[in-house]
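These are the residues of each chain, in order.
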Amino acid sequence: MEPAAAGSDILTWAYGLCAAAFLGVAAVAVMRRGDELAAARRWPVAGAAAITAAWAAAVAMAGAPAPASLVLEAMRMVAWLVVLAEIARLLHGRRLLLLGPLLVAGSGALVALVALLEDRLPGVAGLMPAVLVMLAVAGLALVESILRQREPEERWAVKHLCLGVALLFAFDVFLFAEGLLFNGLDADMYAARGMVDALCAGAVVVSLFRRGTGTRRLQPSRELLLKSTTLLAAGLYLMLMALAGYWIREVGGTWGSATQAAFLAGSLLLLGVVFLSGASRARARVWVAKNFFTHRYDYRAEWLRATGTLAGGEEGHAEALHDRVIRAVCDIVEGTAGALWMLQERDRAFIPSAAWNLSAPLPALPDDAPLVRFMTARRWVVDLDEMRRQPDLYGFAPPDWLGGVPGAWLVLPLPIRGTVIGFVVVAQPRVRRPLTWEDFDVLKTVGRHAAATLATEKALNELSDARRLEAFSKRTAFLVHDVKNIVSQLDLMLKNAERVGHDPEFQKDMLETTAGAVGKLRTLLGELRQTREASSASGGAIASATAPADDLAAQVAAAVARWRRRKPDLTADLAAAAGPGLPAPPADTFASVLDHLLQNSIEAAGAGGRVAVRLVRGGGTVAVEVADDGIGMDPAYVRDRLFRPLDTSKADGYGLGAFQSRELVREMGGRLEVTTQPNKGTIMRIVFPLDRPQAAVAGGTLAPAREAV
């Protein structure tokens, strides 16, 4: 690509001036000694200026781009890039002395080789302007990084040199980009380039007389290096594909052009697939961390990302806190899935509260399980691969239930104040790599922060629940006071009836007082509505449970028999788990809970739905399962609202049934679990331990049964 015809005198004088200016820059740089200009800066500047002077002289003598001037063109741009790399401390010491001349000479040799192969590969030289544009853009990006990250005192020493080189590169981008667009360099702009470069020489000279106050090394961010590496790799890939396309067109004969077009289209498609691949991005991050940084992590970036994820982002986040905890942990090690278990003290178990990219049902884990005891004692991040290879290091084998978590890889405890309040299971990443102390330290740090955040949320929820119950108790106290006033009125009326009961006027007043008291009582009952008959909405009363049977199987069988009056197709499977050793919870209390669960399941399933009751024994526990195929519930609703007092989704509900049932089960020494999926149904599970003493279950010392609300 050559410029159109232009006045040779203008071009000769412009580039001659440029050659003289940069020759002067080289002389000044060589003569500046002592502390006024470090040798590490002096020699790269002198070399770049000398090459620029040689290039300008070659253009002035040839009057147009010639092979010699093109070789010097590439060497000139690479030489100034080396100067910028030295300023940024990306190249220094022996690396600068070895790599600097090698890069400059290599660029010139590469351009000379392309010129020699022009006859065999026509059109290859036409890529030269594109390459020069890329080099110039890289120089501008480096200048921007230097000026942005330097302290004011350091910027004062190099700002003129950076501005001069930036102007040099910016004009080159404009000139060659225009040439690529119009398939030819503008003659006037090409001639003006010599004068512009001569102006840049003056700015460079100013910096030679300024001494910096520091040598702080420029630290480009990992994200910048990742994007720069990706851009460079994409550029090299496209250049290679373009060369291959030229070769295909030349040797393809009649099919050459069509084959070239198809090849280039396929190359772009492959590049897009690689760019959008999560595994490719993960490999690139690992490569950058290994080759450019002493530490694997950019701790500032990781901390900002983790805290931003836990806080929900600046624009708010649709995910609940438990989901965000999983994402914050998985983002650190590129995990592809995860789940969170939270400790429920009264259930004496860790209950799964959230999952990400996992659809399999997750089990509850007793708080005395070996894995829990190990995490509480050691606070280690459990590497399941290491545990399988070296079980003696942990003292136990991986739990069987982890086999139900696809690709389970790490278990991160969430400790706070000496207690593990939860743990996160992370699935395998896209790119497997060995873990180091840095990975474990970052995971532990984020785990502690997540534990503090979860503990704060739990405290706020408990405070909110307490305030709701307090407000409800106050309202109940006011209603009781009103009932007391009504009772006082009726009591006074009865006392007066003994004296003046025969008086017609008194009889009239007595009827009015009685009618008013009945009205007030009805109003109070409508406001209070703490208790309801189990069959108030469906007709057919079901008697309150007073199961005389002692063991669990007999009590469940009695409840099934009662509820079959309302739903004849109610199924039960109790024989498999029946036998000695079953707990015997207080009959009235257990019946109250089971009646509530059965009523909700029957209402959710509808007239044509299925409801089943099962008794399941295994793993040191026995469970009563009430399953239906109704509309189910969203996991977020179960976690955040189902067991909150006075929070309900029913139009005629009070939000106390599930809360009261769980509290009663806990008082009996068990726990209440929920497994549900929207549009697939719900399983409510009452779990009692078989191998642990339970005073509440055996003693029957609870208060009389409270009906489910």
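Going by the structure above, here's the rest.
Okay, so let's go over this structure. Everything numeric in this text was worked out from a predicted model, so none of it was measured.

Quick look at the overall build of the protein now. From N to C terminus, the protein includes 22 helices and eleven strands. Relative to its full complement of 709 residues, the protein shows a buried share of 42%. A separation threshold of at least 6 residues defines the contact pool for the protein, and within that pool the share at least 24 residues apart is 70%. As displayed, the protein has an accessible area near 36,400 Å², and 61% of this comes from carbon and sulfur atoms.

Along the polypeptide, arginine 666 turns up in helix α21 (residues 657-667). For arginine 666, a relative accessible area of 10% translates into the label buried. The residues touching arginine 666, leaving out its near neighbours within four places in the chain, are Gln344, Arg346 and Asp347.

What follows deals with a nonpolar patch on the surface. Residues Leu98, Leu99, Leu102 and Leu103 make up a contiguous nonpolar surface patch of roughly 380 Å² in combined accessible area. If you trace the backbone, leucine 98 turns up in helix α4 (residues 94-116). Using a relative accessible area of 58% as the deciding quantity, one classes leucine 98 as exposed.

We now examine the pairing of strand β5 (residues 408-416). Of all nine residues making up β5, nine are buried, and the element is well covered by its neighbours. Inspection of the sheet shows strand β4 (residues 382-383) paired to β5 by two bridges, in the antiparallel sense. From the neighbouring strand, valine 382 faces β5, where its bridge partner is valine 411. As defined by bridge partners, β5 adjoins strand β6 (residues 419-427) across eight bridges and the pair is classed as antiparallel. The residue of β6 that forms the bridge with leucine 412 is valine 424. Count of turn residues in the β5/β6 antiparallel hairpin: two residues, of which arginine 417 carries a positive phi of about 50°.

If you walk across this open sheet you meet the five strands as β7-β8-β9-β11-β10, and the pairing is mixed. The open sheet has two edge strands, β7 (571-573) and β10 (671-677), and neither has a second partner. Between one strand axis and the next, the sheet turns by 15° as a mean value, whatever way the strands run. By the bridge criterion, seven bridges tie β10 to strand β11 (residues 681-689) in an arrangement that is antiparallel. From the neighbouring strand, threonine 675 faces β11, where its bridge partner is isoleucine 683. Packed on one face of the sheet, helix α19 (residues 587-605) meets β8 (611-618), β9 (621-628), β10 and β11 and runs near 30° to β9.

On the basis of which strands lie adjacent, the open sheet formed by six strands has the order β3-β2-β1-β6-β5-β4 and antiparallel pairing. Each edge of the open sheet carries a strand with a single partner, namely β3 (365-366) and β4. When strand β1 (residues 338-344) meets β6, the two strands line up antiparallel, connected through five bridges. Bridge pairing links leucine 340 to valine 424 in β6.

This model, assessed by the stated rule, comprises 20 salt bridges. A salt bridge links arginine 610 to aspartate 629; the nearest nitrogen and oxygen atoms lie 3.5 Å apart. Separated by 19 residues along the polypeptide, arginine 610 in the loop between α19 and β8 and aspartate 629 in the loop between β9 and α20 (635-642) bring together distant segments of the chain. On the basis of relative accessibility, which here comes to 32%, the residue aspartate 629 falls in the partly exposed class. Measuring nitrogen to oxygen at the nearest pair gives 3.3 Å for the salt bridge that ties arginine 685 to glutamate 673. Of the two residues, arginine 685 is situated in strand β11 and glutamate 673 in strand β10; the sequence distance between them amounts to twelve residues. With relative accessibility at 15%, the residue arginine 685 sits in the buried group. The exposure class assigned to glutamate 673 is buried, which follows from its relative accessible area of 13%. Linked by salt bridges that have partners in common, Glu73, Arg76, Asp172, Arg193 and Asp197 make up one network.

Glancing now at the packing of aromatic side chains. Evaluated as defined, the whole model comprises 13 aromatic pairs. Note on tryptophan 380 and tyrosine 394: the rings are 5.9 Å apart at their centroids and 85° apart in plane angle, and the pair reads as edge-to-face. Of this pair, tryptophan 380 sits in the loop between α13 (370-378) and β4 while tyrosine 394 sits in helix α15 (residues 391-394); the two residues are 14 residues apart in sequence, bridging distant segments of the chain. For tryptophan 380, a relative accessible area of 30% puts it in the partly exposed group. Each ring, one from phenylalanine 590 and one from phenylalanine 688, has its centre 6.3 Å from the other, and the planes form 45°; the classification is tilted. Of this pair, phenylalanine 590 sits in helix α19 while phenylalanine 688 is found in strand β11, placing the two residues 98 residues apart along the sequence. Per residue, the accessibility class of phenylalanine 590 equals that of phenylalanine 688, and both read buried. Taking the ring centre of tryptophan 55 as reference, the NZ or CZ of arginine 76 above it sits at 4.4 Å. If you follow arginine 378 out to its NZ or CZ, it ends over the ring of tryptophan 380, 4.9 Å from the centre.

Rules of the game
Residues numbered from 1 in each chain as written. Predicted model: local features only at pLDDT ≥ 70, side-chain atom pairs only at ≥ 80, totals over all residues. Heavy atoms only, no water. Helix = DSSP H or I, 4+ residues; strand = E, 2+ residues; numbered from the N terminus. Buried < 20%, exposed > 50% of the residue type's maximum accessible area, 1.4 Å probe, protein only. Contact = heavy atoms within 4.5 Å. Areas by Shrake-Rupley, 256 points an atom, 1.4 Å probe, with all protein chains shown as cover. Patch = residues over 30% accessible without salt bridge, like charges linked within 9 Å, V, L, I, M, F, W, Y side chains within 5 Å. Salt bridge = Lys/Arg side-chain N within 4 Å of Asp/Glu carboxyl O. Pairing = 2+ DSSP bridges. Axes fitted to C-alpha atoms, helices over the stretch in contact; angles between N-to-C directions. Phe/Tyr/Trp six-rings, centres within 6.5 Å; stacked < 30°, edge-to-face > 60°. Lys NZ or Arg CZ within 6 Å of the ring centre and 35° of its normal.

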